[in-house]
Amino acid sequence: MKERILQTLKDLRKYALDKGYEVTLFYHEEDSYLMRFANSSISLNTNEHLIRLDITAYSGSKRASYELITDLGKLDEMKRGIDTAAEMVLHAQPLTYQPTVPVFAKSFADESGYDAALAQISNEERLKYFNTAAAGLETGAIQLSGIFSCGMNVIAQINTRSEHTQYFKTSDAQVTTVLAHSTLKWEVIAEQSARKLSDLDPSALREELAFLVQHYQTDTPQQIPLGSYDIVFGSAATAEMLGFMNWIAFNGGSVKRGFSFLSEDKVGKKVFSDKFTLVDDPDRLETFPFKSDFTGITRQLFPLFQKGVFQGFTWFQDDADEFGAKATGHTVGHKSLVLNGGEQKDINSLPDLVNLPRQKDILYIPFLHYMNIVNPSKGILTGSSRFGALLLKKDGSVAIPYNVRLTQSLLDIFGDKVAWLSQATVPYNTSQSYGARNPTAIIVPKFLCVNDLDISLSNSSY
Amino acid sequence: MLDKIKQQIERLKGLGATYVDTRWYPFEEGNYLMMWNGNLKSTTSARESGVGIRVLYKGAWGFSASSDLSDLAALYDKAFDNARVAAERVTFPVRLAEKDAIQAKFESPCTIDPFTVPLADKVAFLKDLDEQLNQAGVFQRVCDMTFVRKQIVFVDSEGSEIEKLITEAFSTMQVSGLDDQGVTYERSFRPARQGNSRGWETLDRKLFGENAARIVKEMNQVRAADECPKEDRSVILLPNIMYLQTHETIGHALELDRILGYELAYAGGSFVTLEDFGKLRYGSSKLTARADATLPNSPGSFGFDDDGVPAQNTVLIDKGILVGAITGRQMVEEANAKAKRQIFKGSGGANRATSFYRVPIERMTNINIDAGQDGTLDDIVKNTERGIVLDSERSWSIGSNREQFHFGTEIGWLVEDGKITKVVKNPTYKGATVKFWNSLSAVGDQSTWQVKYVDNCGKGQPNQVMQLGHGVPVCRFDNVRIGE
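What comes next concerns the included structure.

Here is what the cut-offs are and how they apply
Here the residue index of a chain counts from 1 through its sequence in written order. All chains are assigned letters beginning with A, and all ligands numbers beginning with 1, in the order in which they are written. With pLDDT at 70 or above as the cut-off, local features in this predicted model cover only qualifying residues; side-chain atom pairs require 80 or more to be listed or tallied, and sums for whole chains, interfaces and linings still use all residues. To get the side-chain values, all heavy atoms of the structure are used, and hydrogens and water are removed first. Here the term buried applies to any residue with accessible area under 20% of the maximum for its type, exposed to any over 50%, and partly exposed to those in between, with areas from a 1.4 Å probe on protein chains only. Each helix is a run of DSSP H or I of at least 4 residues and each strand a run of E of at least 2, with the numbering of both proceeding from the N terminus. A pair of strands counts as paired when DSSP detects no fewer than two bridges linking them. Put plainly, a pocket is an open set of points on a 1 Å grid over the protein atoms alone with protein on both sides within 12 Å along at least five of seven lines, a cavity is a set where a 1.4 Å probe fits but cannot get out, and a lining residue has an atom within 4 Å of a point. Grid points are joined across faces, edges and corners, and a volume is the space filled by probe spheres set on the points. Each residue gets one label: Ala, Val, Leu, Ile, Met, Phe, Trp, Tyr, Cys and Pro are nonpolar, Asp, Glu, Lys and Arg are charged, and the others, such as Gly, are polar. One speaks of a salt bridge when a side-chain nitrogen belonging to Lys or Arg is within 4 Å of a carboxyl oxygen belonging to Asp or Glu. Two residues qualify as a contact provided that any one of their heavy atoms is within 4.5 Å of a heavy atom in the partner residue. Axes, fitted as lines to C-alpha atoms, cover a helix only where it is in contact. Angles between the N-to-C directions of the axes lie from 0 to 180 degrees.

### Concerning the pairing of strand β18 (residues 398-401) of chain A
All names here are of chain A.
Stage number 1. Residues Val-398 and Ile-400 of β18 are buried on one face, and the alternating residues Ala-399 and Pro-401, pointing to the opposite face, are buried as well.
Stage number 2. Here strand β8 (residues 221-222) runs beside β18; their pairing, made up of 2 bridges, is parallel. Its bridge partner being in β18, Pro-221 is matched across the sheet by Ile-400.
Stage number 3. By the bridge criterion, 2 bridges tie strand β17 (residues 390-392) to β18 in an arrangement that is antiparallel. The residue bridging Leu-392 from the neighbouring strand is Val-398, located in β18.
Stage number 4. What sits between the antiparallel neighbours β17 and β18 is a turn of 5 residues, in which Gly-396 has the positive phi angle 95 degrees.

Structure (structure tokens):
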């Protein structure tokens, strides 16, 4: 299949060259499967096989794109797409900068992220996984929801400047298991990310779910007072906040456009806690990394924050072209963010956290729902707790807090109020399926404790 | 192609499928242009075609989709096999509410097909707009336009055959500037739907030009303004934020699949329960809300949904009392069965999918608030002792059961003793949904009513976005916390 894809791209390149066009051709193929659970049933079992071809035509500093969903048997349709893009670019407006059309010095292929066993996991195996993860935990009132999303995707590209190609093939799985009480409306969650079949461990999910369900069935739910709390964020919440930093923190284009809470004079300055070290590391396979970016730059470890000191901005090619910066190898579908674990080696699991001796109440927030940016220049986000929050009281008992809202700046959350990070880290899968399959995961500490954060709203029920 | 589809549907019925439908998209075209600070950053056209197949077998759904139609039988077999496996875990077998078999066509009203408009004209429109936005104080300026045209052929095993041609045109613009601390403030314009159609003709150059000047002026006012105070006030929501308030805390809360727990793994649930219908005082007696899929100029109108059910106008909240929901064939049956009473008399015709490769789920149509009797915006302001007028969302975040919310807006104008006094920056407001809607104390008249569109409502797994609309008046809510 790889050879057929690359040969098709070469044929299309020749077609474009023969016509005197300058184009880039970006091919994406996905074979996606999703088994969705709701109310303890499989509410939907679905698959789609899609091939997308993005054609960008250039003429001087003008650029225009034509995208089609097609298949490899439709060469004529793809050629017509090239003609269309070439016609469109004549009517585009010149950019104020010269957009780069990369020249690939050599061909690149990476299938290290592909595990056939995972990509071809059967319907029956997916169902068995879920049955194991929820075994014995469902009742008439406590019902299972979730997804088992898996598949494979291929990215390939070529352009008229060079005969060399790029080729990436990845498989992935994202599993979410939710147990929710149908009348009381509480919800708990356990999630897993997999890049190979052996990463799947339904027993581990069951253990987490069982622990949370036991607490949610026995501990007292309560509305917690507004005010300041020491908060332990779970991996989902931490990953969500870091994901937003892609847009409002270290993205060079965002800074130039006024949508970042960082600025050029912050490079080399301490912005966050000295416990906070965040890197982009394409050697971390759990993040579904790109080892080469789409302009042919070999990707390497890129420090973003070292012990809280801001190291520098990332620039993808088009922004670098526009603002006269140097591209940093971040013209990719996603980065490979890793927030290093900390010194807290005794907290590796929820039971460890619950058993932690404490002098004051600690609010555990595993997940932040519907997070949004209130003020990008100040790094202020807002979101609500969801999915298994716990109030760990100073007397050692555990209560169940109704959901709360936090509206805070990332500068405060990851600043000097950071108390500790767990040594243990975990890849948290942040994939979405709004567009083409693009598996992403961020490696984060399992737990991150921040002192004295205010909650601004506290529900009076679930 | 239609004959082949029908053959496959019959074949699967023969294998034991209770129901089969197919959405064939002979084409879906898209066109997106975006100009940022004078640079035409995006000039994109797109085309896709394919087939999505839904199979109901032993009470469970299977779905399969592809753009490769060379082996249609294999595609149908995949959908069937997906349903067969899903049927191994069924707690409440899917049943579909009755509907008539329909053979029909629907075309959304469009005077000028945007895909016949030369690219050069579209670029010229944006260039003109960009120049008008390039004023003192403007740090960033963005304007864009999106066009969609799609043909959908729906065939099902119940004898329905429906062909739809949908055309949409959307355009927005935004400016941002920096205050003396280097903090960015934005001001944007998303036009209300004009006239009765949805094509290129809806892009009104004059309207955009007038509003270009206005948003630049207002953005400069916000940059220099004081911070929004942190206190309780009446909030007067203009349509450009009222639509989102409606969307997030009425629309999503009343999607029946959410109420029944089908979105718990992702988008969330709802605080509404089946027992609430006919009883819950959702809002004050000034609140009447409806799901109206018959509004001609709005993207929430589509003729027939993706279950083959005709578009309808359904009351959701009647003078404050919850009476209806956003429904499709499957969920009304399940809701009535679980409630052990007939809450819903049939499907509300609200099932839609964003594309051939996504499965239909319950989506908002046009979720509207009826105009009221409390006059114009000026009238409402004059009758407000201590308030704030708010416009245009900047941020929004809602609790997982839609029970509470936090909104930030681009601009606020304080009101003291019936008069607008000054602009404030960083206005935010938050509240608990039911308490908020019960604090609705004034609803503007028809002169304040505007139809706003949403082109990116996200939901479902696999994820999908949907286009829809909201017809909303100016509304005032009392004792709302602002500024936090």
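### Observations concerning the layout of surface pockets
All names here are of chain A.
Stage number 1. Here the largest pocket is characterised by a volume of approximately 710 Å³.
Stage number 2. Around the largest pocket, the lining comprises 32 residues; the ones closest to its centre are Glu-191, Glu-208, Ser-235, Val-426 and Lys-446.
Stage number 3. Taken together, the elements giving at least two residues each to the lining of the largest pocket come down to β7 (187-194), α5 (202-218), α6 (235-248), α9 (350-354) and β21 (425-429).
Stage number 4. Split by residue class, the lining of the largest pocket holds 19 nonpolar, 6 polar and 7 charged.

### Quick look at the pattern of salt bridges
Stage number 1. In this structure the tally under the stated criterion is 67 salt bridges over all chains.
Stage number 2. Measuring nitrogen to oxygen at the nearest pair gives 3.0 Å for the salt bridge that ties A:Glu322 to A:Arg257. A residue pair is termed long-range when its members are at least 10 positions apart, and A:Glu322 in helix α8 (residues 317-323) and A:Arg257 in the loop between α7 (252-256) and β10 (278-280) qualify at 65 residues. The burial state of A:Glu322 is the same as that of A:Arg257; both residues are buried.
Stage number 3. Between B:Asp21 and B:Arg54 there is a salt bridge, with the nearest N and O atoms lying 2.7 Å from each other. With a gap of 33 residues between them, B:Asp21 in strand β1 (residues 19-36) and B:Arg54 in strand β2 (residues 39-57) connect regions that are remote in the sequence. The two residues B:Asp21 and B:Arg54 agree in class, both being buried.
Stage number 4. Put simply, A:Arg63, A:Arg257, A:Asp318, A:Asp319, A:Glu322 and B:Lys41 are held in one network by salt bridges that share partners.

### Some words on the sheet that holds strand β16 (residues 380-386) of chain A
Residue and element names in this part refer to chain A.
Stage number 1. Read from one edge of the open sheet, 4 strands run β15-β16-β19-β24, paired in antiparallel fashion. Among the strands making up the open sheet, the edge pair consists of β15 (367-375) and β24 (457-458).
Stage number 2. On the sheet, α6 packs against β15 and β16 and is oriented at approximately 25 degrees with respect to β15.

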